[in-house]
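Take a look at the letters that make up each chain.
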Amino acid sequence: MIIMGIDPGYAIVGYGVVRYENNKFIPLDYCSITTPAGMPLERRLEIIYDSLTEVFLKYQPEAVAVEQLFYQHNQTTVISVAMARGVILLSAQKCGIPFYEYTPMKIKQSVAGYGSADKQQVMEMTRRLLGLREVPRPDDTADALAVAICHAHSSNSALSRIEAVSKLGKYNTGGDRSTAYTESGLKIRSSWGGNGYGLAAKKQGRKSGR
């Protein structure tokens, strides 16, 4: 599986592309897209869109993962970041790539093993998991790679859960959830405990009259 993690921003957008096979990570590419201060916001967003689309088409990832946007005291900043995040989502949608988002706590837990890990601990574990000599710079790039690792671990765990519960004939939709957007526009809630199979169970129940 090829996964692309993205750290949204309008001044710097970090991205990291990894291949995840047999519980091992192979870094394919990681870099940052920068836009200069003073440039009109619409032009900055255009650069972000065009640059990410180029990377999407080059590596054709099977999933795009980003950290969930959280509220900041500076409303101007959060609005601009939300706009950048919007063009990231649009670029992924146009390329037909499912889009996932994860909470900061889940990313820390997935990469470092616990949700209260500090930034340096997460970055060091990211370096180790990817077998890199140094922590990628700028920090935005390391953050993007951490999100990609989080998605790989979450997807792997979710698939294992699906196989387990399918044998038992039970469904579970609980857990720390992420959100996926498919090509058809369907919004899927996925988590350590589920990957849309709870939704499928509900649909099956309606069809059978339950």
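Above this text you will find the structure in question.
What this report covers is the structure whose coordinates are included nearby.

Basis of the calculations
- As a convention, each chain's residues are numbered from 1 in the sequence order in which they are written.
- With the structure being a predicted model, the display of local features is reserved for residues of pLDDT at least 70 and the display and counting of side-chain atom pairs for 80 or more, all residues being used for whole-chain, interface and lining totals.
- The side-chain quantities take in all heavy atoms of the structure and omit both hydrogens and water.
- Under the scheme used here, helices are H or I runs from DSSP no shorter than 4 residues and strands are E runs no shorter than 2 residues, and both carry numbers assigned from the N terminus.
- Buried residues are those whose accessible area, probed at 1.4 Å on protein chains only, stays under 20% of the maximum for their type, while exposed residues exceed 50% and partly exposed ones sit between those limits.
- The contact rule is simple, with two residues in contact once any of their heavy atoms fall within 4.5 Å.
- Strand pairing is assigned whenever DSSP identifies at least 2 bridges connecting the two strands.
- The axes are straight lines fitted to the C-alpha atoms, using for helices just the contacting stretch, and the angles between their N-to-C directions are given from 0 to 180°.
- Crossings are classed by handedness, with left-handed meaning an anticlockwise turn of the near helix from the far one by less than a right angle and right-handed meaning a clockwise turn.
- Throughout, the ten residues Ala, Val, Leu, Ile, Met, Phe, Trp, Tyr, Cys and Pro are labelled nonpolar, Asp, Glu, Lys and Arg are labelled charged, and all others, Gly among them, are labelled polar.
- The length a helix should cover is 1.5 Å for every residue beyond the first.
- For Phe, Tyr and Trp, where Trp contributes only its six-membered ring, two rings pair if their centres lie within 6.5 Å, and the inter-plane angle classes them as stacked under 30 degrees, edge-to-face over 60, or tilted in between.

Some remarks on the overall build of the chain
Step number 1: From N to C terminus, the chain includes six helices and eight strands.
Step number 2: Walking the chain from its N terminus toward its C terminus, one meets helices and strands in the order β-β-β-α-β-α-β-α-α-α-β-β-β-α.
Step number 3: Across the 210 residues in the chain, those meeting the buried criterion constitute 44%.
Step number 4: Within the chain, counting contacts between residues at least 6 apart in sequence, those at least 24 apart form 59% of the total.

Observations concerning the pairing of strand β5 (residues 99–102)
Step number 1: Every second residue of β5 is oriented toward a common face, with Phe99 and Glu101 on one face and Tyr100 and Tyr102 on the other, all of them buried.
Step number 2: Examined bridge by bridge, strand β4 (residues 63–67) and β5 share four bridges and lie parallel to one another. Paired with Val64 across the bridge in β5 is Phe99.

Some points on helix α3 (residues 104–112)
Step number 1: Along α3, the residues classified as buried are Lys106, Ile107, Ser110, Val111 and Ala112.
Step number 2: Looking one or two residues beyond α3, the residue adopting positive phi is Gly113, at roughly 105 degrees.

Comments concerning the packing of helix α1 (residues 41–59) against helix α2 (residues 75–94)
Step number 1: The contact between α1 and α2 brings their axes to 9 Å, and the two run at 35 degrees. With respect to the hand of their crossing, α1 and α2 are arranged in right-handed fashion. Here Leu41, Leu45, Ile48, Tyr49, Leu52, Thr53 and Phe56 of α1 come into contact with α2, specifically with Ser80, Met83, Ala84, Val87, Ile88, Leu90, Ser91, Ala92 and Lys94.
Step number 2: Of the residues contributing to the contact of α1 with α2, the split by class is twelve nonpolar, three polar and one charged.

Topic: the environment of Arg127
Step number 1: When you line up the elements, Arg127 lands in helix α4 (residues 119–130).
Step number 2: On a C-alpha basis, the gap between Arg127 and Ala142 in space is 8.2 Å, while along the polypeptide they are 15 residues apart.
Step number 3: Ignoring anything within four residues of it in the chain, the contact list for Arg127 reads Leu132, Arg133, Glu134 and Val135.

Overview of α2
Step number 1: Given a rise of 1.5 Å per residue, 20 residues ought to cover 28 Å, and the 28 Å separating the end C-alpha atoms of α2 matches this to within 8%.
Step number 2: Taken residue by residue, α2 has Val78, Ser80, Val81, Ala84, Arg85, Val87, Ile88, Ser91 and Ala92 as its buried positions.
Step number 3: Trailing α2 by a residue or two, Gly96 shows a phi angle of about 70 degrees, which is positive.

As for the packing of aromatic side chains
Step number 1: By the definition in use, this model includes one aromatic pair.
Step number 2: Measuring from centroid to centroid gives 4.5 Å for Tyr20 and Phe25, while their planes differ by 35 degrees, and the two rings are tilted. Summarising the burial analysis for this pair, Tyr20 and Phe25 share the class buried.

Thoughts on the pairing of strand β1 (residues 2–7)
Step number 1: Counting buried positions along β1 yields six of six residues, so the element is predominantly enclosed.
Step number 2: Here β1 shows no split at all, with Ile2, Met4 and Ile6 on one side and Ile3, Gly5 and Asp7 on the other all buried.
Step number 3: Sheet topology note: the β1/strand β2 (residues 12–21) ladder contains six bridges and is antiparallel. In the sheet register, Ile3 faces β2, and the bridge partner there is Val18.
Step number 4: Between β1 and the antiparallel strand that follows it, β2, lie four residues.
Step number 5: Relative to β4, β1 runs parallel, the two being bridged by four bridges. In the sheet register, Ile6 faces β4, and the bridge partner there is Val66.

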